[in-house]
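Examination of the molecular architecture
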Amino acid sequence: MNARSRITIVAIMTLAMLGFAVWRTLGIRTAEHRATERWKRERASLIDHAQAQYRSIADRPVSELQTLEDWKALLNTATVMHGGSGDGREGSWQTSGAGLPDLPDTAMRDLLSHVSELLYYRFGQDSAEEYIAWRRRNGYTLRPREELVSRWFIGEDYEWMFGCPMPADVSIEQIFSEMWSESPKSFSNSQRLAWVPSGTAGPGVAVALGRSTEPSANPSAPALPASELVPWYGPANATLRNWWVGSRTYRDLALANLQAGVPVATVGVVAGFESGDYRALHVICYFDHDSGRWYIHGMQQYNFRGSAVSALEL
């Protein structure tokens, strides 16, 4: 075989391998594209279903809740599930008047009262100073400035909200107050509450109780019950920014109680917002036996429409 023939054969083989590689790559990309499009359709279908269900549940204007007592009355309609664990295993359904194992008899009342206060001071009134005062009365302190900047990205979001760098010579409490007041207006008033459940016993408010032994920054929160009527979980979710910590953090308690774990609760409320979006709100709380208090660990939102919601400053 002469040199020219060898070169020709090599060239043909090279082109064949390149052709195969291109064909395979296009095939993979086409399959990936189809899988992505299928996921998008399934995701949209789940969110649309949740939105329709939420609208049938959250049908009471939030303007009707004028006082803190109104919010407490709403939360007291909750269906309560306890006996499960922080890993989401099933527990037994009981009413809110039932006693809770290893917790004071007043624990459920105190939990619902504390979450009612959070919702009232965050959504039911417009004074950052009142909200801050409520936090401090209940044993919370602001996280260190360095943590809020490096882990919670308040510097970038401050500049995005106000169009200027976050001032270094202003107290973190003042920065919080400014961002707390501004954040609900972002993304078409995505965090200005407009609708809540009717207030009678029904599916729009629920509580799951359990224990978490995770020795980490975040507890393993008990799962709200699976329900076709109320899709408590879904593909679009966001964890909102909590600037505050209790007198003892969840991690402190978990490390001190590795065997017994820490009592943890998930309080779910279906809500609609001025943007026209409806969501399932999850308030995650943990209980400190030493102080006898529940503390807010954070808030999550599920099944929102669009690509983003405001971080909301808790």
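Residues numbered from 1 in each chain as written. Predicted model: local features only at pLDDT ≥ 70, side-chain atom pairs only at ≥ 80, totals over all residues. Heavy atoms only, no water.

Let's talk about the overall build of the chain
We count it as follows: The numbering of helices and of strands both runs from the N terminus, where a helix is a DSSP run of H or I of at least 4 residues and a strand a run of E of at least 2. Think of it in three bands: with a 1.4 Å probe and only protein chains considered, a residue is buried below 20% of the maximum accessible area for its type, exposed above 50%, and partly exposed in between. Every residue pair with non-hydrogen atoms within 4.5 Å of one another is taken to be in contact. Surface accessibility in these figures is a Shrake-Rupley result with a 1.4 Å probe; residues are shielded only by whichever protein chains are displayed.
Per the secondary structure count, the chain includes 9 helices and 11 strands. Burial statistics for the chain: of 314 residues in total, 45% are counted as buried. Within the chain, counting contacts between residues at least 6 apart in sequence, those at least 24 apart form 73% of the total. As displayed, the chain offers around 15,700 Å² of accessible surface, 54% of which is attributable to carbon and sulfur atoms.

Some words on the layout of surface pockets
Applicable threshold: Note on definitions: the grid is 1 Å and covers protein atoms alone; a cavity is a set of points where a 1.4 Å probe fits but cannot get out; a pocket is an open set with protein on both sides within 12 Å along at least five of seven lines; lining residues have an atom within 4 Å of a point. Grid points are joined across faces, edges and corners, and a volume is the space filled by probe spheres set on the points. Classes in brief: Ala, Val, Leu, Ile, Met, Phe, Trp, Tyr, Cys and Pro nonpolar; Asp, Glu, Lys and Arg charged; the others, Gly included, polar.
For the largest pocket, the calculated volume is near 620 Å³. As for the largest pocket, its lining consists of 31 residues, of which Arg143, Ala217, Asn218, Pro219 and His297 are closest to the centre. The set of elements that each furnish at least two residues to the lining of the largest pocket consists of strand S8 (244-245), helix H9 (250-256), strand S10 (278-288) and strand S11 (293-302). Per element, the largest residue contribution to the lining of the largest pocket is 6 residues, and it comes from S11. Across the lining of the largest pocket, the residue classes break down as 17 nonpolar, 10 polar and 4 charged. Only helix H3 (107-123) and helix H7 (172-182) provide two or more residues apiece to the lining of the second largest pocket. Of the residues contributing to the lining of the second largest pocket, the split by class is 7 nonpolar, 6 polar and 5 charged.

Looking at the packing of helix H4 (residues 128-137) against H7
Relative placement of two packed helices is described by the angle separating their axes and the distance separating the axes. Put simply, the rule is: Here an axis means a line fitted to C-alpha atoms, over the contact stretch when the element is a helix, while the angle between two N-to-C directions is reported on a 0 to 180 degree scale. Angular relationships are summarised with four words: roughly parallel below 35 degrees, roughly antiparallel beyond 145, roughly perpendicular across 65 to 115, and oblique for the angles in between. In this scheme, a crossing is called left-handed if the near helix is turned counterclockwise away from the far one by less than a right angle; it is called right-handed if the turn is clockwise.
Their axes nearest at 9 Å, the elements H4 and H7 cross at an angle of 125°. Classed by the angle they form, the pair H4 and H7 counts as oblique. Two packed elements cross with a definite hand, and for H4 against H7 that hand is right-handed. Between H4 and H7, the residues in contact are Ala128, Glu129, Tyr131, Ile132 and Arg136 and Glu173, Phe176, Ser177, Trp180 and Ser181, respectively.

Digging into the environment of Ala311
Looking at the secondary structure, you find Ala311 in the segment after S11. Measuring from C-alpha to C-alpha, the distance between Ala311 and Ser190 comes to 9.6 Å, with 121 residues separating the pair along the chain. Those residues in contact with Ala311, other than ones at most four positions away along the chain, are Leu240 and Arg241.

A few points about H4
The cut-off we apply is this: The arc in question is traced by the directions running from the helix axis to the C-beta atoms.
Residues of H4 that are buried include every one of Ala128, Tyr131, Ile132, Trp134 and Arg135, and no others. All buried residues of H4 project into a common sector of 160° when viewed along the axis, lining one side. Those residues of H4 hidden inside the fold are in contact with H3, H7, S8 and S11. Taken from the residues just after H4, Gly139 is the one with a positive phi, measuring 85°.

What to know about the confidence of the model for the chain
Inclusion rule: Residue-level confidence of the predictor is what pLDDT reports, using numbers from 0 through 100.
Per-residue confidence for the chain averages 85 on the pLDDT scale, and 83% of its residues sit at or above 70. The model gives residues 83-99 a pLDDT under 50, and that stretch makes 37 contacts with residues more than four places away or in other chains.

Let's talk about the environment of Leu258
Along the chain, Leu258 falls in the loop between H9 and strand S9 (262-273). Once the C-alpha coordinates of Leu258 and Glu214 are considered, the two residues, 44 residues apart in sequence, prove to be 7.9 Å apart. The residues touching Leu258, leaving out its near neighbours within four places in the chain, are Thr213 and Pro215.

Let's talk about the packing of aromatic side chains
Cut-off, in case you're wondering: Working definition: a ring pair exists when centres of Phe, Tyr or Trp rings (six-membered ring for Trp) sit within 6.5 Å. Plane angles under 30 degrees give stacked, over 60 give edge-to-face, the rest tilted.
Scanning the entire structure with this criterion turns up 16 aromatic pairs. Between Tyr233 and Tyr302, the aromatic rings sit 5.2 Å apart at their centres with planes inclined by 70°, giving edge-to-face as the arrangement. Of this pair, Tyr233 sits in the loop between strand S6 (205-212) and strand S7 (237-239) while Tyr302 is found in strand S11, placing the two residues 69 residues apart along the sequence. A residue is classified by how much of its surface remains accessible, and Tyr233, at 36% relative accessible area, is partly exposed.

Thoughts on unusual backbone geometry
You will see that Phe187, though not glycine, has its phi angle at about 50°, which is positive. Following the sequence through the fold, Phe187 ends up in helix H8 (residues 186-189). Taking the relative accessible area as the measure of exposure, Phe187 reaches 40% and is therefore partly exposed. For Asn303, which is not a glycine, the phi torsion comes out positive at approximately 65°. On the secondary structure map, Asn303 appears in the segment after S11.

Quick notes on the side chain of Lys72
How we decide: Any pair of N or O atoms that falls within 3.5 Å is considered a polar contact. Within protein, one atom must be able to donate a hydrogen and the other to accept it, and sequence-neighbouring residues count only if both atoms are side-chain atoms.
With respect to the element layout, Lys72 can be found in helix H2 (residues 68-75). A polar contact of 3.3 Å, which involves the side chain of Lys72, links it to the side chain of Ser113. Contact partners of Lys72, with chain neighbours within four places excluded, come to Ser113, Ser116 and Glu117.

A closer look at the pairing of S10
Rules: Any two strands are treated as partners once DSSP identifies two or more bridges connecting them.
Here S10 lies mainly inside the structure; 11 of its 11 residues are buried. In S10, alternate side chains face the same way, and those of Tyr278, Ala280, His282, Ile284, Tyr286 and Asp288 on one face and Arg279, Leu281, Val283, Cys285 and Phe287 on the other are all buried. Counted between consecutive antiparallel strands, the loop separating S9 from S10 contains 4 residues, among which Gly276 sits at a positive phi close to 95°. Joining the antiparallel neighbours S10 and S11 is a turn of 4 residues, in which Gly292 adopts a positive phi near 70°.

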